[in-house]
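Here is how the chains run, residue by residue.
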Amino acid sequence: MRTLLLKVMILFLGQGILAQNPTFLIEKINNAINSMDNIHFKTEYISKYYTDDDTSFAACETWLTKNIHDTILGMDIRCVGHYAYGEIETLHINTTTWQINHDKDTIVKYDQASGQWDGFTGNWQTEWTTESPIVTGIRHNADDSLLFHKTVNGNFIITRISPDDLEYGIRNITKSWWIESNTMLPFRVESSWEIEGRQTYNNLITKLLDTSHKRVKQKINQKLPDYVCIEYKEPDRSKYKPLDVGDSIPKLIGHFIQDSNSFNLQSYADTSLVLIDFWYQSCGPCIRAIPYLDSLQSEFKARGLKIFSVNSRDHQTNQEDLIKFIVNRGGSLENFVMTDFKTERVLWKCYVTPTFYLIKEGKVIWVKQGFLPKSMEDFRIAIINNISI
């Protein structure tokens, strides 16, 4: 706790008024959000993970108005989003959602009241409920978290500092809400944390444009474009299954990260017990697994176990930086391989990362998706049951 207090004092020293437990501000924010029936705003979103290559940008413009008859969101929404993969517009009225893809000229209709889902559940400040989600986010304050506010340039900043999550290797967790003092509405949310020593952050910047009922309602009721209408189809979950136990292994070729020498799994699969780990640099559980896999390799190497950590997504990362990243996290470079994304996704059916396959005599004998340190015993049992004595 003393460490957290020190962080707070360093963060706020000399930057305005510092106070703890800003309950009065939270109630004002909640009242301000719930007093508005119509709103039109723009949002810019910036997210940076482990490297600059992982920085992503998105922007959207949103119109919404309260609708007490909507049992899903409690409002009507029209949102135009600009993302790396294209422009997507969402219209939500009376529990029905239309997702409009302007790049493909298509529309898909979802009846959310029937359990159909398009992934759209509103923006960070769009849901009107008894307590606005942004207020819930501020108020969510575990006993071992610290909540402070300060005043900068006449506006309020409320910051929550959370304890380190040592199991996942997450440290220095902070989240700040910037509140415009005149309207008591949030205009910026910043989150930052460190995972395995890498600084990450999410920044959300919002600009209020209009609160006029007529103009907001007019936009929401704007006619849908004349695009091809696609029938809603329940997702085929079988498409996301990994290879099954008993399947023959697909081909897996590539090169070793350490020296760029060629790699072919077939050279090992018929004679050794092989554990394949599909990972990438921005996958938290993947990174968490690196030192644990290295310990498995050390424990069972003399008995014939070979472990290969296969990456298909970090080709754009500087090779030296990637090598340094692996070494700093306790990985043995001779185990790390690069391949292509089609091999990983199509041939090896890796829809979840990390995905692990234990292979013997050219067949899959054990499969594991995801990683937690407490699951290491599952790895050891699978290896011990299949390795040569």
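Let me begin by describing the structure that accompanies this report.

Rules used in this analysis
Residues numbered from 1 in each chain as written. Predicted model: local features only at pLDDT ≥ 70, side-chain atom pairs only at ≥ 80, totals over all residues. Heavy atoms only, no water. Pairing = 2+ DSSP bridges. Helix = DSSP H or I, 4+ residues; strand = E, 2+ residues; numbered from the N terminus. Axes fitted to C-alpha atoms, helices over the stretch in contact; angles between N-to-C directions. Contact = heavy atoms within 4.5 Å. 1 Å grid on protein atoms, 1.4 Å probe; cavity = no way out; pocket = protein on both sides within 12 Å on 5 of 7 lines; lining within 4 Å. Points joined across faces, edges and corners; volume = space filled by probe spheres on them. Phe/Tyr/Trp six-rings, centres within 6.5 Å; stacked < 30°, edge-to-face > 60°. Buried < 20%, exposed > 50% of the residue type's maximum accessible area, 1.4 Å probe, protein only. Arc of directions from axis to C-beta. Right-handed = clockwise from strand over helix to strand, strands pointing away. Disulfide = S-S within 2.5 Å.

**Topic: the sheet that holds strand β19 (residues 355-360)**
Judged by pairing direction, the sheet is mixed, and its seven strands sit side by side in the order β15-β14-β18-β17-β16-β19-β20 without closing on themselves. Because the sheet does not close on itself, it has two edges, and the strands there are β15 (262-264) and β20 (363-369). Strand after strand, the sheet turns through a mean of 30 degrees between neighbouring axes, direction not considered. With seven bridges connecting them, strand β16 (residues 273-279) and strand β17 (residues 305-311) associate as parallel partners. Residue pairing for β17: L275 is matched across the bridge by I307. Contacts between helix α9 (residues 376-384) and the sheet are confined to β16, β17, β19 and β20, with β20 contributing the most and set at about 175 degrees to the helix.

**Description of empty space enclosed by the protein**
Over the atoms rolls a probe the size of a water molecule, and its path tells where empty space is left. Within the structure shown, the criterion is met by two cavities of 30 Å³ or more. In this structure, the largest cavity spans a volume of roughly 70 Å³. Forming the walls of the largest cavity are I290, L293, D294, Q297, I307, S309, G331, S332, N335 and F336. Residue assignment for the lining of the largest cavity shows that the elements contributing at least two residues are α6 (284-300) and β17. Among the elements that take part in the lining of the largest cavity, α6 stands out by supplying four residues, more than any other.

**A word on the packing of aromatic side chains**
Within this structure, the stated rule accounts for 15 aromatic pairs. Measuring from ring centre to ring centre gives 6.4 Å for F356 and F371, while their planes differ by 55 degrees; the resulting arrangement is tilted. Here F356 is found in strand β19, whereas its partner F371 is found in the loop between β20 and α9, with 15 residues between them in sequence. Grouping residues by exposure puts F356 and F371 together as buried. Aromatic side chains F371 and F379 sit 6.1 Å apart centroid to centroid with 65 degrees between the ring planes, which places their arrangement in the edge-to-face category. An identical accessibility class is assigned to F371 and F379; each is buried.

**Remarks on α9**
The α-helix advances 3.6 residues per turn, and as a result positions three or four apart in sequence lie on the same side. Of the positions making up α9, those classed as buried are M376, F379, A382 and I383. Take α9 and look down its axis: the buried residues cluster within an arc of 125 degrees, on one side only. Packing partners of the buried residues in α9 comprise β16, α6, β17, β19 and β20.

**A closer look at the environment of V352**
Its location among the elements puts V352 in the loop between α8 (341-347) and β19. Note: C-alpha distance between V352 and K241 (111 residues apart in sequence) is 9.1 Å. Look past the residues within four positions of V352 in its chain and what remains in contact with it is Q369 and G370.

**Thoughts on the pairing of β16**
Regular strands place their side chains on alternate faces of the sheet. Of all seven residues in β16, seven are buried; the element is thus mostly enclosed. Burial of the side chains of β16 extends over both faces: L273, L275, D277 and W279 are buried on one face and V274, I276 and F278 on the other. Of the crossover connections in this fold, the one passing from β16 over α6 to the parallel β17 is right-handed. Pairing of β16 with β19 involves five bridges; the strand directions are antiparallel.

**Side note on the state of the cysteines**
This structure, assessed with the given rule, holds one disulfide. Through a disulfide, C283 is tied to C286; the S-S separation comes to 2.2 Å. One disulfide, between C283 and C286, carries an S-S torsion of 80 degrees and so falls in the right-handed class. C286 carries the same exposure label as C283, and that label is buried. Unpaired in terms of disulfides, C60 finds its nearest cysteine sulfur in C79, a separation of 4.1 Å. Exposure remark for C60: the relative accessible area of 10% places this residue in the buried category.

**Overview of the pairing of strand β14 (residues 253-256)**
Direction of pairing for β14 relative to β15: antiparallel, over a ladder of three bridges. Within β15, the residue paired with H255 across the bridge is S262. The hairpin turn running from β14 into β15, its antiparallel successor, is five residues long, and S260 in that turn takes a positive phi close to 65 degrees.

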